[in-house]
Amino acid sequence: MKFLGKPRTRTAAFLPLCLLFLKILQPGHSQLYSNRYAGDKVIRLIPNTEEEANALKKIYHQLKVDLWQPSSISYVSKGAVTDVHIPQNGSQALLAFLQEANIQYKILIEDLQYTLEKTSSLRPQRNRRYLSGYNYEVYHSLEEIQNWMYHLNKTHPGLIHVFSIGKSYEGRPLYVLKLGRKSRTYKRAVWIDCGIHAREWISPAFCQWFVKEALLTYKSDPTMRKMLNHLYFYIMPVFNVDGYHFSWTSDRFWRKTRSRSSRFRCRGVDANRNWKVKWCDEGASMHPCDDAYCGPFPESEPEVKAVATFLRKHRKHIRAYLSFHAYAQMLLYPYSYKYATIPNFSCVESAAYKAVNALRSVYGVQYRYGPASSTLYVSSGSSMDWAYKNGIPYTFAFELRDTGHFGFLLPEMLIKPTCTETMLAVKNITMHLLKKCP
């Protein structure tokens, strides 16, 4: 990796010229987060020694950086890729420190506000809001996604039923979409959730894409017909509704829920560290201001509690759990909290292998796959491990595109290719379980 000053940004070459003349149509977007990211940078570092890693941890604490990769400062170690979002007022100090310590780095994003504006879309308002022509190639606000769900509930009663499993901390309904051909006979089910972390916008975009593809191809595609005839899919397009709304109106890079603590001013809990499986152990933080904060107790977050209650109630017929995140291009399975082999490893590993091959067949995009602990990092209290421990035998977590060039700001022009390839992987896993795994 070369020591870099100002890199050439390839972003502009990728994006249509019209994106440069931005006008955001959503409430709260009109001022583009009040220009709050002007001059902020995203920097990639790979410490070569543990000494460098420890030095980085110290300065990250001092400068209060926003880690994009990994999710917690505790994961910063020798040889581990670290992507860090640093505010303008801290970037000079960090760059001076890196040069002084002779730590190599690469600037991924030179000006975060500029990139945010460039990767946002310029589209007529009706394209976003007119439901019969719902645009699946743009990111949608929470209100739009919920209206889309109501619309599908009315227009596809034979395949779709929308219901609420509870309320979020701020009182928003937690909607789940049940997809599948209605049947009086027993059917197994697959759970899919998106948007457990607010800033990972490609995740809810995929959940919507999955539903669209199911409805469009049910009659013409034998694989989809078999899936919907033999299984129910419980789909939660936005798990962390409060955080997702906040990422549209106030802080584009917010990760956690929005719950409050009477003892601390920092808000929110990492909804993927709040599950009752090795809760608040390695890879989770006990500090409320950290992005990987595990919460005051397991299932403290109403969103986590509602999903856990639903899964517990239906665990006898839910055979697979799929959760969608970003970014890293990985397909992960248990365990996340320890280095160990799951009892049904051969079936799960085979499904993952076939899924990433199917995904790669579309655009040649490479995904790594394997147990989360060794492929990504050890983390406790995750939904995937909890689902597995609670009797759901096939649990996977996808880390969607990309590997850091855009990070959480994956442009809308990449929604379609990302979702198209991921769709193949999900169909592959589903069919594998129907055919091969009891």
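The shown structure was predicted, so the numbers you read here are calculated from the model rather than taken from an experiment.

(A) Spotlight on the overall build of the protein chain. From N to C terminus, the protein chain includes 14 helices and 12 strands. Within the span of the protein chain, comprising 438 residues, buried residues form 61% of the whole. In the protein chain, once contacts between residues fewer than 6 apart in sequence are set aside, the share between residues at least 24 apart is 76%.

(B) Representation of the UniProt feature "active site" (unreviewed entry) in the protein chain. Summarizing the sequence annotation, UniProt attributes the feature "active site" (unreviewed entry) to Glu399 in the numbering used throughout. With respect to the secondary-structure elements, Glu399 resides in strand β12 (residues 394-400). On the basis of relative accessibility, which here comes to 12%, the residue Glu399 falls in the buried class. Excluding anything up to four places from it in sequence, Glu399 contacts His325, Ala326, Tyr327, Ala328, Gln329, Met330, Leu332, Tyr367 and Leu376. Within the local environment of Glu399, its side chain forms a polar contact with the backbone nitrogen of Ala326, the two atoms lying 3.4 Å apart.

(C) Region of interest: the pattern of salt bridges. Overall, the coordinates contain 15 salt bridges when judged by the stated rule. Between Arg172 and Glu170 there is a salt bridge whose closest N-O contact spans 2.6 Å. Under the relative-accessibility criterion, Glu170 is labelled partly exposed at 37%. Close ionic contact of Asp270 with Arg255 constitutes a salt bridge, the shortest N to O distance being 2.6 Å. Taken together, the residues Asp270 in the loop between α9 (241-249) and α10 (302-313) and Arg255 in the loop between α9 and α10 connect sequence positions 15 residues apart. The exposure class assigned to Asp270 is buried, which follows from its relative accessible area of 0%.

(D) Geometry of the layout of surface pockets. In this structure, the largest pocket occupies an estimated 1,100 Å³ of space. As for the largest pocket, its lining consists of 31 residues, and the residues nearest its centre are Lys64, Val65, Asp66, Cys289 and Asp291. Those elements that provide at least two residues to the lining of the largest pocket are α2 (50-63) and β2 (66-69). Within the lining of the largest pocket, the residues separate by chemical class into 12 nonpolar, 7 polar and 12 charged.

Reading guide: rules and limits
- Residues numbered from 1 in each chain as written.
- Predicted model: local features only at pLDDT ≥ 70, side-chain atom pairs only at ≥ 80, totals over all residues.
- Heavy atoms only, no water.
- Helix = DSSP H or I, 4+ residues; strand = E, 2+ residues; numbered from the N terminus.
- Buried < 20%, exposed > 50% of the residue type's maximum accessible area, 1.4 Å probe, protein only.
- Contact = heavy atoms within 4.5 Å.
- UniProt positions renumbered as here; feature names shortened; annotations may be inferred.
- Polar contact = N/O pair within 3.5 Å; in protein donor to acceptor, adjacent residues only side chain to side chain.
- Salt bridge = Lys/Arg side-chain N within 4 Å of Asp/Glu carboxyl O.
- 1 Å grid on protein atoms, 1.4 Å probe; cavity = no way out; pocket = protein on both sides within 12 Å on 5 of 7 lines; lining within 4 Å.
- Points joined across faces, edges and corners; volume = space filled by probe spheres on them.
- Nonpolar A, V, L, I, M, F, W, Y, C, P; charged D, E, K, R; others polar.

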